[in-house]
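# Per-entry structural report
Spelled out, the chains give:
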Protein chains: 2
Amino acid sequence: MIKYPNGSNYTSKEKSKKKTHRHLVSASNRGMLFEDAINKSNEFYIERDVAVITKRPTPINVVKVDYTKGAKIINAYFEKQSTTDYNGVYKGHYLDFEAKSTKIKTSFPLNNITSHQIKHLERVIRHHGIAFFLIEFASLHEVYYLDAQYVIDYYRHEKRKSIPLADIKKYGHLIKRRFCPIYHYLEIVDQYLK
Amino acid sequence: MIKYPNGSNYTSKEKSKKKTHRHLVSASNRGMLFEDAINKSNEFYIERDVAVITKRPTPINVVKVDYTKGAKIINAYFEKQSTTDYNGVYKGHYLDFEAKSTKIKTSFPLNNITSHQIKHLERVIRHHGIAFFLIEFASLHEVYYLDAQYVIDYYRHEKRKSIPLADIKKYGHLIKRRFCPIYHYLEIVDQYLK
């Protein structure tokens, strides 16, 4: 599968941010592990015929291809994902979510999310899709499900540029790490469907 | 956006097939135009707030990245899409489809479709998503909506390795090319939702 330069969700612009936000996860270690855990959970869902949720491939801008070597790409750049990383179908419903990881112990910084992603999630909600975030607090080994509408409201209306963990505990749902699937986030989706 | 080596939906394996099937579309011209037309139609749907349907980026296997030049990819290969090219949400429903183009005038060759894509579409249908194909007969300038279940049944049970145009006319739906959106395929989806 695709190998990422040094992590999945960070674009070069966001990477430069990381220089001043060293508390953000270095995606080459825990961030990548979190993504792997989500991918494994999705594989489990597919194998057990529970849902079909897949990761969108990282968009790459291909500049030059060498056709003398069987279409070898020799010049290309990673592009920013203008939507979210995951979408799919569960019980007929459209699901759309973004998985993010932070090393901070007390809040989730909103500079992890792009305005394009917020707009995309707003559209998904308007068309009655189920939209959410899976947020890993890597240092705490805790993962939360947080409804996208809550994050959007925070992004649109709050002055604070990060969501306190206390609020995420209050308005989100802790997802305990287990064996199979590693993160059974569809249990939470079921609560919303009821 | 992503530039394809010489077209969108053809993998290198399928490309080698094309040498013996020269009637298949050279994707650098009409096949690419068809994909563009679908993308434009989807942009229209997003702008008019009708639906959120996006193209999955072409998966690329990145072998080597030069970090001294701002994460420039210097060795990579196009990979086969194991799902379909398009998915999204419309009126709360999950939509999933593949757009294919052929130069043949009398039938649609099933070697355009991979077994992975068939399995993916079978899963989508089991989970109550709406799954279909948009098939362009490039030489005829005709585009048809064909329910994925019909294609799956043909793929699974028929000895013939191509679906006759006459059957596509009978069991599918002609989508007339227009100005905006270029291919208004959601009109057909509406008929299925009724």
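Per chain, residue numbering runs from 1 following the sequence as it is written. A letter from A marks each chain and a number from 1 marks each ligand, given out in the order of writing. Two thresholds apply to this predicted model, a pLDDT of at least 70 for residue-level local features and 80 or more for giving and counting side-chain atom pairs, whereas whole-chain, interface and lining totals are computed over all residues. Note that water and hydrogens are dropped before the side-chain values are worked out from all heavy atoms of the structure.

### Brief notes about the environment of Ile53 of chain B
Residue and element names in this part refer to chain B. Note the threshold: Secondary structure elements are defined from DSSP: runs of H or I of at least 4 residues count as helices, runs of E of at least 2 residues count as strands, and each element is numbered from the N terminus. For each residue, the accessible area found with a 1.4 Å probe, counting protein chains only, is set against the maximum for its type, and the residue is called buried under 20%, exposed over 50%, and partly exposed in between. In what follows, a contact means two residues having at least one pair of non-hydrogen atoms within 4.5 Å.
Looking at where Ile53 falls in the secondary structure, it is placed in strand β1 (residues 52-55). Of the residues examined, Ile53 reaches a relative accessible area of 2% and is grouped as buried. Separated by 33 residues in sequence, Ile53 and Tyr86 place their C-alpha atoms 6.8 Å apart. If sequence neighbours within four positions are ignored, Ile53 has contacts with Asn42, Ile46, Tyr86, Asn87, Gly88, Val89, Leu95, Phe97, Tyr185 and Leu186.

### Considerations on the nonpolar core
Most often, soluble globular proteins have nonpolar side chains that are buried together. The following threshold applies: Each nonpolar core is a collection of buried residues, namely Ala, Val, Leu, Ile, Met, Phe, Trp, Tyr and Cys, held together in the definition by side-chain atoms within 4.5 Å.
One finds Ile163 and Ile168 of chain A together with Ile163 and Ile168 of chain B to be the most contacted residues of the largest nonpolar core, which totals 46 residues. With residues near it in sequence (within four places) discarded, Ile168 of chain B still touches Phe108, Ile135, Phe137, Tyr144, Leu146, Ile163 and His173 of chain B.

### What about the confidence of the model for chain A?
All names here are of chain A. Note the cut-off: pLDDT is a per-residue confidence score from the predictor, ranging from 0 to 100.
With 84% of its residues at a pLDDT of at least 70, chain A reaches an overall mean of 86. pLDDT under 50 marks residues 1-31. Its contacts with residues more than four places away, or in other chains, come to 68 contacts. Interface scoring of the predicted complex returns ipTM 0.81; its pTM is 0.82.

### Remarks on the relation of the copies chain B and chain A
Superposition of the two copies of the chain requires a rotation about an axis and a shift along the axis. Selection criterion: The superposition of copies rests on a least-squares fit of C-alpha positions from residues with pLDDT of 70 or more in both.
With an RMSD of 0.0 Å, chain B superimposes on chain A once it is rotated by 180 degrees and translated 0.0 Å along the axis. The transformation just described matches what one would write down for a two-fold rotation axis. A shared interface surface links the copies, since 98% of the contact residues of chain B are contact residues in chain A too.

### Topic: the pattern of salt bridges
To be explicit about the condition: Put simply, a salt bridge is a Lys or Arg side-chain nitrogen that is within 4 Å of an Asp or Glu carboxyl oxygen.
Going through the model one piece at a time under the given rule, you end up with 14 salt bridges over all chains. For Glu142 of chain A, the salt bridge goes to Lys169 of chain A, with nearest N and O atoms at 3.5 Å. Of this pair, Glu142 of chain A sits in strand β8 (residues 142-147) while Lys169 of chain A sits in helix α5 (residues 165-171), and the two are 27 residues apart along the sequence. Classification of Glu142 of chain A as partly exposed rests on a relative accessible area of 22%. Glu122 of chain B is the partner of Arg156 of chain B in a salt bridge, and the nearest nitrogen-oxygen pair spans 2.8 Å.

### Digging into the packing of helix α3 (residues 115-126) of chain A against helix α4 (residues 148-157) of chain A
All names here are of chain A. Spelled out, the test is: Throughout, an axis means a line fitted to C-alpha atoms (over the contacting stretch in the case of helices), and angles, computed between N-to-C directions, take values from 0 to 180 degrees. For classification purposes, an angle smaller than 35 degrees is called roughly parallel, one larger than 145 roughly antiparallel, one from 65 to 115 roughly perpendicular, and anything else oblique. The handedness criterion is simple: a crossing whose near helix is rotated anticlockwise from the far helix by less than a right angle is left-handed, and one whose near helix is rotated clockwise is right-handed. The classification used treats Ala, Val, Leu, Ile, Met, Phe, Trp, Tyr, Cys and Pro as nonpolar, Asp, Glu, Lys and Arg as charged, and all other residues, Gly among them, as polar.
Where α3 meets α4, the closest approach of the two axes is 10 Å, and the angle between their N-to-C directions is 130 degrees. If you check the angle between α3 and α4, you find them oblique. Crossing hand, α3 versus α4: left-handed. Judged by residue contacts, Ser115, Ile118, Lys119, Leu121, Glu122 and Ile125 of α3 engage Ala148, Gln149, Ile152, Tyr155 and Arg156 from α4. In the contact of α3 with α4, the residues fall into six nonpolar, two polar and three charged.

### Some details on the interface of chain B and chain A
Here is the rule we go by: Buried area: the sum, over both parts, of the accessible surface (1.4 Å probe) that disappears when the two are put together.
Taken together, the contact between chain B and chain A spans 48 residues of the former and 47 residues of the latter. Both faces combined, the contact of chain B with chain A buries some 3900 Å², and carbon together with sulfur accounts for 60% of it. Contact with chain A buries area across many residues of chain B, yet Ile73, Tyr94 and His127 of chain B alone supply 16% of it, more than any other trio. Here chain B and chain A share two salt bridges between them. Between Asp49 of chain B and Arg126 of chain A there is a salt bridge, and its shortest N-O distance comes to 2.7 Å.

### Examining the environment of Tyr183 of chain A
Residues and elements named next belong to chain A. Tracing the chain through its elements places Tyr183 in the loop between β10 (173-174) and α6 (186-193). A residue is classified by how much of its surface remains accessible, and Tyr183, at 4% relative accessible area, is buried. Separated by 143 residues in sequence, Tyr183 and Lys40 have C-alpha atoms that sit 8.8 Å apart. Sequence-distant contacts of Tyr183, that is, excluding residues within four places in its chain, are made with Phe34, Ala37, Ile38, Ser41, Tyr45, Val143, Ile175, Lys176 and Arg177.

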